[in-house]
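So the chains spell out like this:
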Amino acid sequence: MIGSLHILPPWRLSTSSTVSFRPPECALTKQGERFLTSLVAVADDSAAANRLIRKFVASSPKAVALTTLSHLLSPNPIRQPQLSLLALPLYRRMSEATWFSWNPKLAAELISLLESQSRFEEADVLISETLSKLGFRERELVLFYSNLIDSQSKHKLGSARFDTEACLKEMILGSSSVYVKQRAYEAVIAALCSMDRVAEAEGLIGEMRRGGLKPSVYEFRCVVHGYGRMGLFEDMMRIVDAMEKAGLEVDTVCSNMILSSYGAGRRYAEMAAWVGRMKKSSVGLSIRTYNSVLNSCTKIMALVQDMGELPLSIKEMMNVLGGDEGLVIQELIESSVLIDVMEMSLTEGKLDLHGMHLGSAYLIILQWTEELKLRWGGGESMIPQDMVVVCGLGKHSINRGESPVKEIVKVMMGRMGSPFRLDRKNAGCFTAKGRAVKNWLC
């Protein structure tokens, strides 16, 4: 890391002003796609690349330019990682646009990218520019350093994180602002957990309390997840107990972290018990809960990889699973997640699979068909005019446009002999007439 980062400006004399910003999205637009495709061809010709960048920024709306830059700044770019070398000239050109407004997240992500490419001099220039821009405004400084250490963590930058951590700790010691101290602690605790220095992070929670600050759910979550990721389950549960004693809710987000941690250790019995606890405590299960659990179930994952042999009913699936893995699945089935993703009206019955991974989509489809059989077989008279299964176009898939969820829906519906067919007007949906679906299931 560059030495200038160690030198904090005299922020102790700050005002109470704040900076607001909206984190840029990373989903590419078609215009951004075309620009990057053109840029690939001239990536080795700096003059030609700069001409394309200048033309793109001049002709693009703010949102399009920002999403494209965000794509290049990603620690795990979807395509052409060499294009990330052009993130700095694109940022410089955008900063000259009349619509551009500086924000700490964007600057931090660019600095971290440059550091990951060992372009330390260029990163140092951006750091110096940032410190000069923010001057005495400590609230804005703590946001910048918080974003910086978070981005450095995503890029797995060891020494850079140590330096930024030191800056944040200086702010904790020197600031009289509760807000600044809270944000700095939050950022350092998250960074320590990402570096597997979880015991140190837990120590900072105690330090916060001794200093008169109240740790939030976020800090506890970081430590819970940190211990869980390391397989230290007793420590993880000790922190969960401490959360509850502090009057903080172990909510759905925290529960999903716990389930993911147990899942990584194939601790299925503990997973089943935790899902049961969530239901008893009225902690809502979500699609992410399904994803967290099912991605960890080795038998389910093996089944969905070989779609030609998929069991096509819950009973058949449970016979294949058995054991503790089957107990976890049974707990999920008895939750209300299916009701949250299905809609029924006279005009349309819809199942929305957005956000689901393969295992989740597979299980939800089985649950959905069973639910429709029960409703219609039990005498429910409402039959929607049209039925729709929404699976998406694969915009967020690893291979853009290739949706694994869409493929499993296609295979399952085909093997089950269903009337569902790919919609001609929307390739992200399967549709059928309601009456045909009822006749198929009943």
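Here the structure is a predicted model, which means the values were calculated and not measured.

1. So, the domain arrangement of the protein chain
Part 1 of the argument: Domain boundaries assigned for the protein chain yield domain 1 (29–97), domain 2 (98–301) and domain 3 (314–441).
Part 2 of the argument: Inter-centroid distance (C-alpha atoms) of domain 2 to domain 3 is 35 Å.
Part 3 of the argument: Contacts between domain 2 and domain 3 engage 20 residues on the former and 26 residues on the latter.
Part 4 of the argument: Each partner contributes to the roughly 1,900 Å² buried at the junction of domain 2 and domain 3, and carbon and sulfur atoms together form 68% of this total.
Part 5 of the argument: Its largest share of buried area at the contact with domain 3, domain 2 owes to Ile287, Tyr290 and Ile300, together 33% of the area lost on that side.
Part 6 of the argument: Counting across the domain 2 and domain 3 interface gives two salt bridges.
Part 7 of the argument: Counting across the domain 2 and domain 3 interface gives ten residue pairs in polar contact (both at pLDDT 80 or more).
Part 8 of the argument: If you list the elements that add at least two residues to the side of domain 2 that touches domain 3, you get helix H14 (268–280), helix H15 (287–294) and helix H16 (298–305).
Part 9 of the argument: Of the residues in the side of domain 2 that touches domain 3, the class split is 13 nonpolar, five polar and two charged.

2. Points about the pattern of salt bridges
Part 1 of the argument: Within the structure shown, the criterion is met by 20 salt bridges.
Part 2 of the argument: A salt bridge links Arg119 to Glu122; its shortest N-O distance comes to 2.7 Å.
Part 3 of the argument: Among the residues examined, Arg119 registers a relative accessible area of 16% and is labelled buried.
Part 4 of the argument: In this structure, the salt-bridge partner of Arg221 is Asp251, at a minimum N-O distance of 2.3 Å. With Arg221 in helix H11 (residues 217–229) and Asp251 in the loop between helix H12 (233–245) and helix H13 (252–264), this pair connects stretches of sequence that are 30 residues apart. Each of the two residues, Arg221 as well as Asp251, counts as buried.

3. Section: the UniProt feature "repeat: PPR" (unreviewed entry) in the protein chain
Part 1 of the argument: Listed under "repeat: PPR" (unreviewed entry) in the UniProt record, and renumbered for this structure, are residues 181–215 and 216–250.
Part 2 of the argument: With 77% helix and 0% strand, residues 181–215 has end C-alpha atoms that lie 11 Å from one another.
Part 3 of the argument: The annotated region residues 216–250 carries 74% helix and 0% strand content, and the separation between its end C-alpha atoms amounts to 12 Å.

4. As for helix H7 (residues 138–154)
Part 1 of the argument: Counted at 1.5 Å a residue, the expected span for H7 with its 17 residues is 24 Å, and the 24 Å between its end C-alpha atoms agrees.
Part 2 of the argument: With respect to burial, H7 is a largely interior element, 14 of its 17 residues being buried.
Part 3 of the argument: Downstream of H7 by one or two residues, Lys156 has phi in the positive range, about 55 degrees.

5. A short note on unusual backbone geometry
For residues other than glycine, phi is negative in most cases, and the peptide bonds are mostly trans.
Part 1 of the argument: With a phi angle near 60 degrees, Asp196 is a residue other than glycine that sits in the positive phi range.
Part 2 of the argument: On the secondary structure map, Asp196 appears in the loop between helix H9 (178–194) and helix H10 (198–210).
Part 3 of the argument: Judged by its relative accessible area of 41%, Asp196 is partly exposed.

6. A look at the pairing of strand S3 (residues 386–390)
Part 1 of the argument: Among the five residues in S3, four count as buried, and that is most of the element.
Part 2 of the argument: One ladder, built from five bridges, connects strand S2 (residues 348–352) with S3; its direction is parallel. When the sheet's bridge partners are listed, Gly349 is paired in S3 with Met387.
Part 3 of the argument: In this region the chain leaves S2, passes through helix H20 (residues 358–377) and returns to the parallel neighbour S3; the handedness of that crossover is right-handed.
Part 4 of the argument: Examined bridge by bridge, S3 and strand S5 (residues 429–433) share five bridges and lie antiparallel to one another. Its bridge partner lying in S5, Val389 is registered against Phe430.

7. Comments concerning the packing of helix H4 (residues 87–95) against helix H5 (residues 104–116)
Part 1 of the argument: It is the contact of H4 with H5, at a shortest axis distance of 10 Å, that shows an interaxial angle of 155 degrees. It follows that H4 is roughly antiparallel to H5 by the angle criterion. Both H4 and H5 take part in a crossing whose hand is left-handed. Contacts from Ala87, Leu88 and Tyr91 of H4 reach H5 at Leu106, Ala107, Leu110, Leu113 and Leu114.
Part 2 of the argument: Its residues placed into classes, the contact of H4 with H5 shows eight nonpolar, no polar and no charged.

Each value, and the rule that gives it
Residues numbered from 1 in each chain as written. Predicted model: local features only at pLDDT ≥ 70, side-chain atom pairs only at ≥ 80, totals over all residues. Heavy atoms only, no water. Domains from an automatic or database assignment. Contact = heavy atoms within 4.5 Å. Buried area = accessible area lost by both parts, 1.4 Å probe. Salt bridge = Lys/Arg side-chain N within 4 Å of Asp/Glu carboxyl O. Polar contact = N/O pair within 3.5 Å; in protein donor to acceptor, adjacent residues only side chain to side chain. Helix = DSSP H or I, 4+ residues; strand = E, 2+ residues; numbered from the N terminus. Nonpolar A, V, L, I, M, F, W, Y, C, P; charged D, E, K, R; others polar. Buried < 20%, exposed > 50% of the residue type's maximum accessible area, 1.4 Å probe, protein only. UniProt positions renumbered as here; feature names shortened; annotations may be inferred. Expected span 1.5 Å × (residues − 1). Pairing = 2+ DSSP bridges. Right-handed = clockwise from strand over helix to strand, strands pointing away. Axes fitted to C-alpha atoms, helices over the stretch in contact; angles between N-to-C directions. Parallel < 35°, antiparallel > 145°, perpendicular 65-115°, else oblique. Left-handed = near helix turned anticlockwise from the far one by under 90°.

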